[in-house]
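Each chain is listed here by its residues.
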Amino acid sequence: MKKPLLILILAYSTVGIAQIDNNALLGLPEATTIDINAIPVASIQEGALVYDTDKKKAYKFNGTEWKELLTAPSVFPKTGNYTLLESDNGNILTFNSTTDVTLTVPNGLTIGYNVSVYQTGTGKVTISGAGGVTVKNRLNRFKTAGLDAGVGIVSTNTNIFHITGDLKVN
């Protein structure tokens, strides 16, 4: 008698979990890309959300522009020295060079800024901070260790960046 009761309880609990109350769902305002871009920036509250019906994606207003929510990182190949941009945030940079290159971390990137760096050529990547930027690593290692080395760079405070990964001493 215990088996049928157990099966009944499991079946009932599975059905109960799978049900969603439609009234509990949050719907975003919808607009086309043209309509969204036509909204005067001064009238948009920071943190506002909208669903772009053309792109089929949700966007959040960061105070100056609409930023896509839940975006997958993009990969951007580089072949020489490079200075990070705010638009690199959340993405992947690959350095394919036969000579060593320098990746410069500039002033003013947002706290929480995060980028992944990979050495895909034989040239190593040295990470350095521009004036006023501090780049930290527990072992004072700031250069990729070799082919296919990966490094994470994260801003933990204003103009303070921590790097971790496959690094070697300069």
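Read on for a plain summary of the structure.

## Digging into the environment of Q119
Positionally, Q119 belongs in strand β9 (residues 114-119). C-alpha of Q119 to C-alpha of G150: the two residues are 31 residues apart in sequence and 6.6 Å apart in space. Beyond its immediate chain neighbours, meaning those up to four positions away, Q119 contacts F95, K124, V125, T144, A145, G146, L147, D148 and A149. Within the local environment of Q119, its side chain forms a polar contact with the backbone oxygen of G121, the two atoms lying 2.9 Å apart.

## Examining the environment of L69
Within the fold, L69 resides in the loop between β4 (66-68) and β5 (75-78). Among all residues touching L69, those that are not within four sequence positions of it are L49, A58, Y59 and K60.

## Section: the pattern of salt bridges
As enumerated under the stated definition, the model contains 3 salt bridges in all. A salt bridge links K57 to E68; its shortest N-O distance comes to 3.2 Å. Here K57, found in strand β3 (residues 57-61), pairs with E68, found in strand β4; they are 11 residues apart in sequence, far enough to count as distant. Its relative accessible area of 28% is what places E68 among the partly exposed residues.

## Focus: the sheet that holds strand β1 (residues 30-31)
If you trace the 4 strands from one edge of the open sheet to the other, you get β1-β2-β3-β4, paired in mixed fashion. Sheet topology places β1 and β4 at the edges, where each strand pairs with a single neighbour. Where strand β2 (residues 49-52) and β3 come together, 4 bridges link them in antiparallel fashion. Residue V50 lies in a different strand from β3, and its bridge partner there is Y59.

## Focus: the pairing of β2
The alternating pattern of β2 places V50 and D52 on a buried face, while none of L49 and Y51, on the opposite face, is buried. Once β2 ends, the chain turns through 4 residues before running back antiparallel as β3, passing K56 with a positive phi of about 60°.

## Looking at the packing of aromatic side chains
Two descriptors summarise a pair of aromatic rings, namely the distance from one centre to the other and the angle between the planes of the rings. Taken as a whole and judged by the stated rule, the model has 2 aromatic pairs. A centroid spacing of 6.4 Å and a plane angle of 80° characterise the contact between Y113 and F161, whose relative ring orientation is edge-to-face. Pair noted here: Y113 is in the loop between β8 (101-105) and β9 and F161 is in strand β14 (residues 160-165), with a separation of 48 residues, a long-range link.

Cut-off values and rules
Residues numbered from 1 in each chain as written. Predicted model: local features only at pLDDT ≥ 70, side-chain atom pairs only at ≥ 80, totals over all residues. Heavy atoms only, no water. Helix = DSSP H or I, 4+ residues; strand = E, 2+ residues; numbered from the N terminus. Contact = heavy atoms within 4.5 Å. Polar contact = N/O pair within 3.5 Å; in protein donor to acceptor, adjacent residues only side chain to side chain. Salt bridge = Lys/Arg side-chain N within 4 Å of Asp/Glu carboxyl O. Buried < 20%, exposed > 50% of the residue type's maximum accessible area, 1.4 Å probe, protein only. Pairing = 2+ DSSP bridges. Phe/Tyr/Trp six-rings, centres within 6.5 Å; stacked < 30°, edge-to-face > 60°.

Shape descriptors only; they carry no functional weight alone.
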